[in-house]
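Analysis of the macromolecular model
Single-letter residue listing:
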Amino acid sequence: MSDSKDYVSRSDELGNIHISEEVLAAISAAAALEVEGVSSLTNPNKKNATKGIHVKLEDEKVVVSMSVLMAYGHTIPEMGRAVQEAVKNAIESMSGLEVAAVNVSVGGIVFPEKPQ
């Protein structure tokens, strides 16, 4: 996401609601990190945890693209599907926006540390 803020806007009978794409990316990050098997996002940055998450609006629907690191021992398709569902449910319940797609890339596997 760029430094300039992009917003997703909704209109209703009381006026407009503007939601920053950065807010949608933060919701996505939090939801993904709660899924069992997700070790971290591939671009962990303490100042901006959403840096590796891209959110855009296509045909009035949200499209999220993200990359995660998976913990060893989990099944990639199952974990990926769980991330997709968690992100979709979180965005839709918190923002009221419809999610068209959640694209998940598994950028690596994190192995448990061996005791020394």
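Glancing now at the overall build of the protein. When helices and strands are tallied, the protein shows two helices and six strands. If you list the helices and strands of the protein from N to C, you get β-β-α-β-β-β-α-β. Sorting the 116 residues of the protein into buried and exposed places 32% on the buried side. Considering only contacts within the protein whose residues lie at least 6 apart along the sequence, 65% involve residues at least 24 apart. For the protein, the accessible area works out to roughly 7500 Å², and carbon and sulfur atoms hold 49% of it.

So, on to the packing of aromatic side chains. Per the counting criterion, the structure on display carries one aromatic pair. Note on Tyr-72 and Phe-111: the rings are 5.1 Å apart at their centroids and 35 degrees apart in plane angle, and the pair reads as tilted. Here the residue Tyr-72 occupies a position in the loop between strand S5 (61-71) and helix H2 (76-95), and Phe-111 occupies one in the segment after strand S6 (99-110), the gap between them amounting to 39 residues. Here the two residues Tyr-72 and Phe-111 agree in accessibility, since each one is exposed.

This brings us to the pairing of S6. Examined bridge by bridge, S5 and S6 share 10 bridges and lie parallel to one another. Its bridge partner being in S6, Ala-71 is matched across the sheet by Val-110. Note on the crossover from S5 through H2 to S6: the handedness is right-handed.

To continue, consider helix H1 (residues 21-33). Taking 1.5 Å per residue as the helical rise, H1 with its 13 residues ought to reach 18 Å, and the 18 Å between its terminal C-alpha atoms agrees with that figure. Regarding H1, the residues found buried are Glu-21, Leu-24, Ala-25, Ile-27, Ser-28, Ala-29, Ala-31 and Ala-32. Residues of H1 that are buried make contact with strand S1 (7-12), strand S2 (15-20), strand S3 (38-41), strand S4 (54-58), S5 and H2. Where H1 starts, the residue carrying a side-chain oxygen 3.0 Å from the main-chain nitrogen of Glu-22 turns out to be Ser-20.

Cut-offs used in this document
- Residues numbered from 1 in each chain as written.
- Predicted model: local features only at pLDDT ≥ 70, side-chain atom pairs only at ≥ 80, totals over all residues.
- Heavy atoms only, no water.
- Helix = DSSP H or I, 4+ residues; strand = E, 2+ residues; numbered from the N terminus.
- Buried < 20%, exposed > 50% of the residue type's maximum accessible area, 1.4 Å probe, protein only.
- Contact = heavy atoms within 4.5 Å.
- Areas by Shrake-Rupley, 256 points an atom, 1.4 Å probe, with all protein chains shown as cover.
- Phe/Tyr/Trp six-rings, centres within 6.5 Å; stacked < 30°, edge-to-face > 60°.
- Pairing = 2+ DSSP bridges.
- Right-handed = clockwise from strand over helix to strand, strands pointing away.
- Expected span 1.5 Å × (residues − 1).
- Polar contact = N/O pair within 3.5 Å; in protein donor to acceptor, adjacent residues only side chain to side chain.

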